[in-house]
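The lines below spell out each chain.
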Amino acid sequence: MIEKKNTQSKKYVLGQYWTAPDVCADIVNNINFENSIVIEPSFGTGNFLHALKHINNQKIGIELDDEIFSYQYADANTKLLNQDFYDFDIKTNKKLIFIGNPPYRTPAYSLGTHKDFLMRLTKKYNVPGIREEAVFFILHTIDIIRNNGGYGEIHYILPEALLKNNSKFFTRFKQFLKEQCIFVNIRTIKNTAFDAVSQDLVYLFLDVKPVIHQDRSLFFYPDLEPQNDNVQKYVLFNGNKVLLDDYLCLGNDDIIPFQKIFKRTYLGSVPCESLLMSVEGESREHFQSRLISIINDKNIDIESLYDKLQFKGKFHLKIFSGALKSDAMIQKKLQIILSYVKNLQTYLSIQDFWNSDCYKEINVRNGIRYYFRCDKIKKHKNFVYELNPNPCRSFYFTGNPSHSSTDYFGFCNYDINRNVSPGANRTVPVDNVEDNLTDSFKAWWRANTDEPFYNIFEYIMYVAKTDWYKQMKRQNKRFYFAIPAEFIPKEVRNLKKVV
Ligand SMILES: C[S@@+](CC[C@H](N)C(=O)[O-])C[C@H]1O[C@@H](n2cnc3c(N)ncnc32)[C@H](O)[C@@H]1O
């Protein structure tokens, strides 16, 4: 039936990945099947049908690929059809519950087999411009529910990028979903549950109701919607109540905030004030033995600490030696550093301080300094200097610029910056940056340029110098670092290094 030369290409063309049985069971066991017909529109090897075995409702399973199709799960209640989902229809008064893991693939295989049908569907619901199979599956699913009076539920596993992509066409697709359905629940599915799936996946539970738009308060989940509003505001995402538009990246289409660029950034710092930083001119060995003598001293007090913080009468912190000198301030600072010492003594061993790998070299304005850097310390959030909480080759940027902030962007291994307000900078590992970019951002970048993903760092540094950024700073009291959603081509960036 499906003319594909080998299983590998067929697997790709039809998006054949099997949902792990425990994931299927978990989804099935949380559905209320009362008075409904259950439909698995692309059952593959039947893992969802297996999980549905104990449900006595009328069930229908559909699978296109005749090499995979089997009647294994057929029984008195379960009808199995070896056909294309787009050729499937049903007439019923019952509620329809669709459950499964539709194929995902762009361009959709069905554009070769059902193009006219799909074009009519996308026109009917005004969802143009998308060629993704999973989107067509959802459209056909909603259409079937609507044609039967509009009572239905959708429980599909989908690539999260479908819900995050903020391109013009996907934005419209998500608005369509909001018009047609209530987003009941979204949960991350670990893609380790799948063989060779590299996308981030979610389980999406949509409730389709007969009346759309008119009085949505009828359908509200009171615990989720505190206000008697007519628009769904919140959704449960991994058990937490989050703003639906934020989750769907529908908020502000003109900007892309850093959370939608990077999957993970590192915020924070470690206590290193004076204590963990060598003094000017001090060798690494001297610094190490000085530090050991501090940490070894279980009865250390303010006086002895003051002595041990010096090298040749100099301190690392200006407050101890500079013009700022005043007893009260010194006492206060020493108390803080003493509390760090006591704290470090509780969870670091002296072996940690003997380990020469824990002494990192950094360049400062007038020479080289050393500081003690140990992975165990990153869990402690006392801030003094901003050190990279995930030490490795990294890019740092100001995560929360404000109208008055001085912002920093650049590359570092360990120390980010020593003159900023606490917690202002975030870091992102530079190596393999592609793995840390969101799918929606990668889609946006690819749609705009052939440049390597690595150039995002240069791109951010460029944006931070533009008038656009200065205006963002002026008009927003505080905002998450963002780039404009309109891409700035390389030629323009090269022309105007600073706009
Ligand atoms: C991602 S797999 C999921 C299979 C199964 N639902 C599961 O969760 O294990 C997608 C399935 O959709 C089937 N498929 C692809 N296009 C289809 C279509 N137009 N109609 C019905 N099934 C289709 C593929 O053959 C494949 O078995």
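Here goes a summary of the coordinates provided.

How each quantity is defined
- Residues numbered from 1 in each chain as written.
- Predicted model: local features only at pLDDT ≥ 70, side-chain atom pairs only at ≥ 80, totals over all residues.
- Heavy atoms only, no water.
- Helix = DSSP H or I, 4+ residues; strand = E, 2+ residues; numbered from the N terminus.
- Buried < 20%, exposed > 50% of the residue type's maximum accessible area, 1.4 Å probe, protein only.
- Contact = heavy atoms within 4.5 Å.
- Areas by Shrake-Rupley, 256 points an atom, 1.4 Å probe, with all protein chains shown as cover.
- Salt bridge = Lys/Arg side-chain N within 4 Å of Asp/Glu carboxyl O.
- Near = heavy atom within 4 Å.
- Polar contact = N/O pair within 3.5 Å; in protein donor to acceptor, adjacent residues only side chain to side chain.
- Nonpolar A, V, L, I, M, F, W, Y, C, P; charged D, E, K, R; others polar.
- Pairing = 2+ DSSP bridges.
- Axes fitted to C-alpha atoms, helices over the stretch in contact; angles between N-to-C directions.
- Core = buried A, V, L, I, M, F, W, Y, C linked by side-chain atoms within 4.5 Å.

A count of helical and extended segments in the protein chain gives 17 helices and 19 strands. Counting across all 499 residues of the protein chain, residues that qualify as buried make up 54%. Sequence separation of at least 24 residues holds for 67% of the intrachain contacts in the protein chain that already meet a minimum separation of 6. As presented, the protein chain carries roughly 23900 Å² of accessible surface, and 49% of it is formed by carbon and sulfur atoms.

This next bit is on the pattern of salt bridges. On inspection of all chains with the given rule, the structure shows 16 salt bridges. Taking the shortest distance from any N to any O, the salt bridge between Glu179 and Arg172 comes out at 2.9 Å. The class for Glu179 is partly exposed, based on a relative accessible area of 24%. Among the ionic pairs, Lys178 bridges to Asp245, the shortest N-O distance being 2.7 Å. Pair noted here: Lys178 is in helix 7 (residues 168-180) and Asp245 is in helix 8 (residues 244-247), with a separation of 67 residues, a long-range link. Here Lys178 falls in the buried class, since its relative accessible area comes to 18%. Residues participating in the shared-partner salt-bridge network are Glu451, Glu458, Lys490 and Arg493.

On to the site of the ligand, then. Inspection of the region around the ligand gives 23 residues, with Gln16, Thr19, Glu40, Ser42 and Glu63 positioned closest. In the environment of the ligand, a nitrogen atom lies 3.4 Å from a nitrogen or oxygen atom belonging to the backbone of Leu64. The contact in question runs from a nitrogen atom of the ligand to an N or O atom on the side chain of Asp84, over 3.0 Å. Class assignment for the residues of the shell around the ligand results in twelve nonpolar, seven polar and four charged.

One open sheet accounts for nine strands, arranged 3-2-1-4-5-7-6-8-9; its pairing is mixed. The two strands at the open ends of the sheet, each matched to only one other strand, are strand 3 (78-81) and strand 9 (240-243). Going across the sheet, the axis of each strand differs from the next one's by a mean of 20 degrees, ignoring polarity. Here eight bridges tie strand 6 (residues 181-189) to strand 7 (residues 201-208), and the two strands are oriented antiparallel to one another. In the strand pairing of strand 7, Arg187 is matched with Tyr203. Its contacts with the sheet place helix 7 against strand 6 and strand 7, and it is angled at close to 120 degrees to strand 6.

Following the sequence through the fold, Arg172 ends up in helix 7. Residue Arg172 is classed as buried on the basis of its relative accessible area of 16%. Spatially, the C-alpha atoms of Arg172 and Gly129 are 9.6 Å apart, while their sequence positions differ by 43 residues. Not counting the four nearest positions on each side in its chain, Arg172 is found in contact with Tyr125, Asn126, Val127, Pro128 and Glu179. At 2.5 Å, the side chain of Arg172 and the backbone oxygen of Asn126 are in polar contact.

Bringing the sheet that holds strand 11 (residues 266-267) into the picture now. Strand order in the open sheet formed by four strands is 11-18-15-16, and the pairing between neighbours is antiparallel. Edge positions in the sheet fall to strand 11 and strand 16 (410-412), since each of these pairs with one other strand and no more. Two elements, strand 15 (residues 394-398) and strand 18 (residues 425-429), share five bridges in a ladder whose sense is antiparallel. Residue pairing for strand 18: Ser394 is matched across the bridge by Pro429.

Our next topic: the nonpolar core. Of all hydrophobic cores here, the largest spans 76 residues; its most connected members are Phe88, Phe173, Leu177 and Phe183. Ranked by residues supplied to this core, first place goes to helix 5 (residues 133-147) with nine residues. Setting aside chain neighbours within four positions, we find Phe173 in contact with Val127, Ile130, Val135, Ile138 and Leu162.

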